Structure formats: C-alpha cells, structure tokens
There are 2 protein chains.
Amino acid sequence: MLIGELAAQAGTTTRALRYYEEQGLLESDRTTAGYRLYEPGAVRRVRNIRELLSCGLTVEDVKSLLAYLDADLPEVLSYSPLCADGYGVGVQRVAQLEERIAILTELRDSLVHRMPWLAAPGRTVDEQAA
Amino acid sequence: MLIGELAAQAGTTTRALRYYEEQGLLESDRTTAGYRLYEPGAVRRVRNIRELLSCGLTVEDVKSLLAYLDADLPEVLSYSPLCADGYGVGVQRVAQLEERIAILTELRDSLVHRMPWLAAPGRTVDEQAA
DNA sequence: CTTGACCTTCACGCAAGGGTCAATCCCTAG
DNA sequence: CTAGGGATTGACCCTTGCGTGAAGGTCAAG
C-alpha cells in the first residue's frame, strides 16, 4: 500500500503521514524508487495515532505509547498493562488540560469582571452573584 | 522618561514596549538621537494595555480600545460609553474564550473516557456516573 | 575608552500539520 | 517507443499570539 491509499483509508493526508514518520510515530518500508510502502495494519495504527491526538495527547505522548499502537486501542486503553506507560501520560495530560481550562476560565472571569455589562450567559462571575 | 524607566515603572520589559509600539498600541516622541521619550502618563497606559492583555484580550482587541487606554480603566470599563467599542470586543472575546474552554473540556472528557482508570478528580465524565 | 542604555532588523519559539516546489517515478494509451 | 498524466519524494516556508533573543550600531557620561 502506498502513502496515498493509506491516507485515504485512514482518513487523513499524505502530508500528515510524512509528518508522523518524521516524528517517529510511524515507520515505512521503501520501494526501490524510494516510495513509502505500508502493510494493511498501518491503517489501524494511523487511526490509533489520530484518535489519541484528537483526544488531546501530544505527539510526544503518543510516542511514549508506541508499543500499543498496533493493537485495538479501546481494549488496550481500558484494561491492559499499558497502565505503566499510559497512566503517567494520561494523568499528566489530563492535568495539563485542566490547568489550561482553569487558566482560560480565570481569563474569562477576569474579563467579565472587568466588563460587568457582559453578564456572562455562561457561568460563575461569583456564581452570578446568586 | 526613557524606555528603560517606563518598562521598570510599568513592570514590563523594553522589548515588550517596542513590540506594543510596533503593534500600534503605544506611541512615543523621539529625542534627536532617536531615543523613545514618554510622558509620565504612559505608565498608566502601559499598565492598562497589560491588564487588558492579561484578561484575555488580543492585541487587536486592545487596538480597538485605544481611545480609552489613558483613562482609569476600571471606571471606564464599568460605566462609560466605551460600550459601543468595548461591548462587541468583550462579547466576542468571551465567546471565543468559552469556545476554547469547551474544546479543551471535550478533549479532557474524551481522554478520560478513553482511559477510564484516570477517574478524573476534576469533573464530568458523565458526571462521574453518579 | 569604556560601560551601559538605547537603536533597528531579523529570527526563533510553540503544535500539528498545510501549501507549494522541482524532480522523480509509475502506468497507460497511441 | 514515447509522451502524458497522476502519484510520490524531500525541502522549504506559512499559519496564531505574544512576545524573546541575538547581532551590530549609536549615544551619553565617567
């Protein structure tokens, strides 16, 4: 399978696949002409990579989970001894996401606080002074 | 007042002040030698700029509020006819912040959903299946 | 003379790719 | 056998936001 077909089957672009390879998330054989050559299993691998990325993991995070990328991800993530590798990554990333959320929330609140007439339809601002 | 002193009094760096000027947030006279020369009022202006930025407004946002930067910001923001200019900016920026918060929150939840053993100490995940 | 503050201009940093380039390769029709 | 069109290659710059950093030069004072 060439890169174009893999991209199509995995629902992404050739550009992204080359990027993943450059980042060390993906490997490929080469034809004599230098074309990247993939086995059918690469489709699942790429889908796994993309799902993890879309969940908020970074390329670095995914890199630390390389060993599990060819398996069925939902199963592995739920039950397996990936814990040793995955637990740290997951905890750290969730913590980071929550930190970013907290920062943005404070930002939002401070903005609303500074411009009271904004009367946030969202939340807080001293809990709407309720 | 030269740029170094303004930076010190406003609690920032000379680099940032030149950057603000480059972005059109700040003006300066020049000495014959080309040194930036500021009036004492510039301190408040810079503080206002920095506060608005730290509240989550962008440089572009602040640019649209140029006319109010030399006044007492809390007062202006709370009561004045800045509304015309500021309301749109504020509403838009709050909306953008809330969108980013929503994106990150979904990301966090999807990650926790994928790695159930994370058992978020934070929130949601189907409200902790409570 | 030398130090220190100042000047401008260019480049870099993050994240995950997108866009575009010339050159090379493969397959097919004529 | 050959031309053409589509796919692929690596390499380069671009994106967003808010600055930071360095290089190389000018200015004022001790």
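Scroll up to find the structure this text is about.
Residues numbered from 1 in each chain as written. Chains lettered and ligands numbered in written order. Predicted model: local features only at pLDDT ≥ 70, side-chain atom pairs only at ≥ 80, totals over all residues.

Novice: Would you mind going over the protein's contact with DNA strand D with me for this structure?
Specialist: Of all residues adjacent to DNA strand D, which total 17 residues, the nearest are Leu-2, Gly-4 and Arg-36 of chain A together with Ala-33 and Val-59 of chain B. Among the secondary structure elements, those contributing two or more residues to the surface near DNA strand D are helix 1 (3-10) and helix 2 (14-22) of chain A together with helix 2 (14-22) of chain B. Its residues assigned to classes, the surface near DNA strand D comprises eight nonpolar, five polar and four charged. (Near = placed C-beta within 6 Å. Helix = DSSP H or I, 4+ residues; strand = E, 2+ residues; numbered from the N terminus. Nonpolar A, V, L, I, M, F, W, Y, C, P; charged D, E, K, R; others polar.)

Novice: What am I meant to see in the protein's contact with DNA strand C here?
Specialist: As a matter of local geometry, DNA strand C sits amid 19 residues, with Ala-16 and Ala-33 of chain A together with Leu-2, Gly-4 and Arg-36 of chain B nearest to it. Looking at the surface near DNA strand C, the elements with two or more residues in it are helix 2 of chain A together with helix 1 (3-10) and helix 2 of chain B. The residue inventory of the surface near DNA strand C, partitioned by class, reads eight nonpolar, seven polar and four charged.

Novice: How do you make sense of the nonpolar core when you look at a structure like this?
Specialist: Within soluble globular proteins, side chains that are nonpolar generally end up buried alongside one another. Counting 49 residues, the largest nonpolar core has Val-46 and Ile-49 of chain A together with Val-46 and Ile-49 of chain B as its most contacted members. Those elements that provide at least two residues to this core are helix 1, helix 2, helix 3 (42-54) and helix 6 (83-114) of chain A together with helix 1, helix 2, helix 3 (42-54) and helix 6 (83-114) of chain B. If we skip the residues at most four places from it in the chain, Val-46 of chain B touches Leu-6, Ala-10, Thr-12, Leu-17 and Leu-26 of chain B. (Core = buried A, V, L, I, M, F, W, Y, C linked by C-beta atoms within 7 Å. Buried ≥ 20, exposed ≤ 12 C-beta atoms within 10 Å, placed from the backbone. Contact = placed C-beta atoms within 7 Å.)

Novice: Looking at this structure, how should I read helix 3 of chain B?
Specialist: Because each turn of an α-helix spans 3.6 residues, side chains separated by three or four positions end up pointing in the same direction. Residue and element names in this part refer to chain B. End to end, helix 3 covers 18 Å across 13 residues, agreeing with the expected 18 Å (1.5 Å per residue, within 8%). Ala-42, Arg-45, Val-46, Asn-48, Ile-49 and Leu-52 are the residues of helix 3 that are buried. Seen from one end, helix 3 has its buried residues packed into an arc of 155°, which puts them on one side. Gly-56 occupies a position one or two residues after helix 3 and carries a positive phi of about 105°. (Expected span 1.5 Å × (residues − 1). Arc of directions from axis to C-beta.)

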